[in-house]
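Chains, contacts and geometry: an overview
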Amino acid sequence: MDQRFQNLLAIAQDKCEEDGLRLTQKRKQVLNILIEASSPLSAYEIKDLCAKQHNENIKPMTIYRALEFLSEANLVHKLNLNNKYIGCARAKCCEHHGYSQFLICVRCGAVEESIVEPVVYEHLVQQAQAFKCEIITPHLEVACICARCQ
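Thresholds, definitions, all that
- Residues numbered from 1 in each chain as written.
- Predicted model: local features only at pLDDT ≥ 70, side-chain atom pairs only at ≥ 80, totals over all residues.
- Heavy atoms only, no water.
- Pairing = 2+ DSSP bridges.
- Helix = DSSP H or I, 4+ residues; strand = E, 2+ residues; numbered from the N terminus.
- Axes fitted to C-alpha atoms, helices over the stretch in contact; angles between N-to-C directions.
- Parallel < 35°, antiparallel > 145°, perpendicular 65-115°, else oblique.
- Left-handed = near helix turned anticlockwise from the far one by under 90°.
- Contact = heavy atoms within 4.5 Å.
- Nonpolar A, V, L, I, M, F, W, Y, C, P; charged D, E, K, R; others polar.
- Patch = residues over 30% accessible without salt bridge, like charges linked within 9 Å, V, L, I, M, F, W, Y side chains within 5 Å.
- Areas by Shrake-Rupley, 256 points an atom, 1.4 Å probe, with all protein chains shown as cover.
- Salt bridge = Lys/Arg side-chain N within 4 Å of Asp/Glu carboxyl O.
- Buried < 20%, exposed > 50% of the residue type's maximum accessible area, 1.4 Å probe, protein only.

**Concerning the pairing of strand E2 (residues 84–87)**
- Here strand E1 (residues 76–79) runs beside E2; their pairing, made up of 4 bridges, is antiparallel. Pairing of His77 across the sheet is with Ile86, part of E2.
- Where E1 hands over to E2, the hairpin turn is made up of 4 residues, of which Asn83 adopts a positive phi near 55 degrees.

**Re the packing of helix H3 (residues 43–54) against helix H4 (residues 60–72)**
- In contact at an axis separation of 9 Å, H3 and H4 are set at 110 degrees when each is read in the N-to-C sense. By the angle between their axes, H3 is roughly perpendicular relative to H4. Judged by the sense of rotation from one axis to the other, the crossing of H3 with H4 is right-handed. Counting all contacts with H3, which are made through Ala43, Tyr44, Ile46, Lys47 and Cys50, the residues of H4 involved are Pro60, Ile63, Tyr64 and Leu67.
- Partitioned by chemical class, the residues of the contact of H3 with H4 number 8 nonpolar, no polar and 1 charged.

**A short note on a nonpolar patch on the surface**
- A grouping of Tyr44, Met61 and Tyr64 is seen on the molecular surface, where their side chains present a nonpolar patch of about 330 Å² in accessible area.
- Within the secondary structure, Tyr64 is located in helix H4.
- The exposure class of Tyr64 is partly exposed, given its relative accessible area of 35%.

Here it is, written out as structure tokens:
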């Protein structure tokens, strides 16, 4: 396994221990698949990879529960634009970096995660408050066409 993947798994394990959460073997498998993936994956793609890589047939509901846990622990993000999941590139500081921005290529599905600057984040919060709304989406998604697809 690539050193970067081992580091992200170690960060996830430490983060869960600090937060009093249990990173079970199935949750770890799901996280591992997302970390190693070159692009976001749907729950059913994760299920298929579990069967292929671990020779284990995990029920879709188990995958969805693992994804919900990992999302709530700020270890993965659900991308609503394509209904797929991606490992958090900034898991070690996810609670503190505010909003992430995901640039999602509508042609090839490639995703880049970056931090929304604090001033932009504050402006979004102020706009929401002006309309008596509370922002609940933990990130921004922007549909784009990447350099490879242009």
